[in-house]
Structure formats: C-alpha cells, structure tokens
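Overview (structure and organization)
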Amino acid sequence: MTIIAKDVPFYQISQVSKLLGITSDRLRTYEEEGLIKPFRAKHTKDGKRLFTLEEIEWLEILRELIKFGVTIPVIRILISSKIKIGKSLIKEKDKKIIFLIDKMYSHPVYKKLLSSL
C-alpha cells in the first residue's frame, strides 16, 4: 500500500470540497483571498487545483475560525502580521479562537503562504 506524504499535491478540489463539507466555490474564494495556494497541475488545460493533506488540515483550521465568527479579512491580517495574542481572555469562545490561531501560525501551510507575501 502506498502512503501519500502530507505535502504532496494529490486531492482535487471536488474531493476536498466533499471532505470538508464546503463548496468548491468557497475553496476558490479562499484561494482568491490568499488564504490557500493549491498546486496547479500544468499538464491539464485548465490547471486543476490539487491540495495536499497539509492544506486540507489548514482549511479545517480556517473553517473553524470562520465558524467562531472570524472573518476572511481578519484571517488575512492574522496571516500577514502574526499578531501576538494575549492568553488572558476569559470567554471560552475566545480561548478556542486563540488556540486555532496558534495552530494556524505553527502549520506548514502558514509558512508557505508567508513566504509568498
């Protein structure tokens, strides 16, 4: 059995859409907003988007942040500025958001996005 490495582009947009329960259009929006940069297959006419397992994990983090009410513009700011967030917030929702932001900053996809800014 072959195991696919986490950083190998393999999953098409339709597969990722089904896995995450979001539309392909939403994934394209995330790409347009600079939140993800999927691999573009050059051997196909339309340059199919291919996603790695790392990118799928990254998208799960983004999806959770959005569920908690963090907007795409705020996520873009978080990606570009790596804001230091105080841990003394009291609300449980805030603690979960901070946990997700920390997870986002330590993720390999964050490092790839940051290097392309």
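Relevant structure appears above.
Below is a summary of the structure that appears in this document.

What counts, and at which threshold
Residues numbered from 1 in each chain as written. Predicted model: local features only at pLDDT ≥ 70, side-chain atom pairs only at ≥ 80, totals over all residues. Heavy atoms only, no water. Axes fitted to C-alpha atoms, helices over the stretch in contact; angles between N-to-C directions. Helix = DSSP H or I, 4+ residues; strand = E, 2+ residues; numbered from the N terminus. Parallel < 35°, antiparallel > 145°, perpendicular 65-115°, else oblique. Contact = heavy atoms within 4.5 Å. Nonpolar A, V, L, I, M, F, W, Y, C, P; charged D, E, K, R; others polar. Pairing = 2+ DSSP bridges.

Details of the packing of helix 3 (residues 53–67) against helix 6 (residues 108–115)
Viewed as axis vectors pointing N to C, helix 3 and helix 6 meet at an angle of 95°, and their least axial separation amounts to 8 Å. Taken together, the axes of helix 3 and helix 6 lie roughly perpendicular to each other. Judged by residue contacts, E54, E55 and W58 of helix 3 engage P108, V109, Y110, K112 and L113 from helix 6. Here the residues of the contact of helix 3 with helix 6 sort into five nonpolar, no polar and three charged.

Topic: the sheet that holds strand 2 (residues 39–40)
The three strands lie next to each other as 1-3-2, forming an open sheet whose pairing is antiparallel. The sheet terminates laterally at strand 1 (11–12) and strand 2, the two strands that pair on one side only. Note that strand 1 and strand 3 (residues 49–51) share two bridges and pair antiparallel. By the bridge assignment, Y11 is partnered in strand 3 with F51. Seen against the sheet, helix 3 touches strand 1 and strand 3 and runs at an angle of roughly 85° to strand 3.

Quick notes on the environment of K84
Along the chain, K84 turns up in the loop between helix 4 (72–81) and helix 5 (92–105). C-alpha separation for the pair K84 and D102, spaced 18 residues apart in sequence, amounts to 9.4 Å.

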